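# Structural description and commentary
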Amino acid sequence: MTDKKKSGAKIEPLRPKRPCPICATPSTRAFFPFCSRRCADIDLNRWLKGAYAIPVVEEDDVPGEDEPPA
Ligand SMILES: [Zn+2]
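### A few points about the overall build of the protein chain
- Helix and strand counts for the protein chain come out as 1 helix and 0 strands.
- Within the span of the protein chain, comprising 70 residues, buried residues form 7% of the whole.
- A separation threshold of at least 6 residues defines the contact pool for the protein chain, and within that pool the share at least 24 residues apart is 0%.

Printed below as a string of structure tokens:
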């Protein structure tokens, strides 16, 4: 009677584990490719900031009258 090792262990995902792009901790399936919801949120925030990027207005250093406060 051959008693095979029953797959009582966790089923590993086929894809190799990748480190979380935020903190480099091995990612979890639940929050792939991140390790946690926190990191997913961080990335989402970055993405949103990028999407709603504030146009950078480069102000030239206008030579003006620098009046000191009286
Ligand atoms: Zn992470």
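More follows now that the structure is in view.
### Here we look at unusual backbone geometry
- Following Phe-32, the chain continues into Pro-33 via a peptide bond in cis, with omega recorded as 0°.
- Along the chain, the position of Pro-33 falls in the segment before α1 (37-51).

### A short note on the environment of Cys-23
- Mapping Cys-23 onto the fold places it in the segment before α1.
- Residue Cys-23 is classed as partly exposed on the basis of its C-beta count, with 13 C-beta atoms lying within 10 Å.
- Residues Cys-23 and Cys-39 lie 16 residues apart in sequence; the distance between their C-alpha atoms is 7.5 Å.
- Among all residues touching Cys-23, those that are not within four sequence positions of it are Cys-35 and Cys-39.

Cut-offs used in this document
Residues numbered from 1 in each chain as written. Predicted model: local features only at pLDDT ≥ 70, side-chain atom pairs only at ≥ 80, totals over all residues. Helix = DSSP H or I, 4+ residues; strand = E, 2+ residues; numbered from the N terminus. Buried ≥ 20, exposed ≤ 12 C-beta atoms within 10 Å, placed from the backbone. Contact = placed C-beta atoms within 7 Å.

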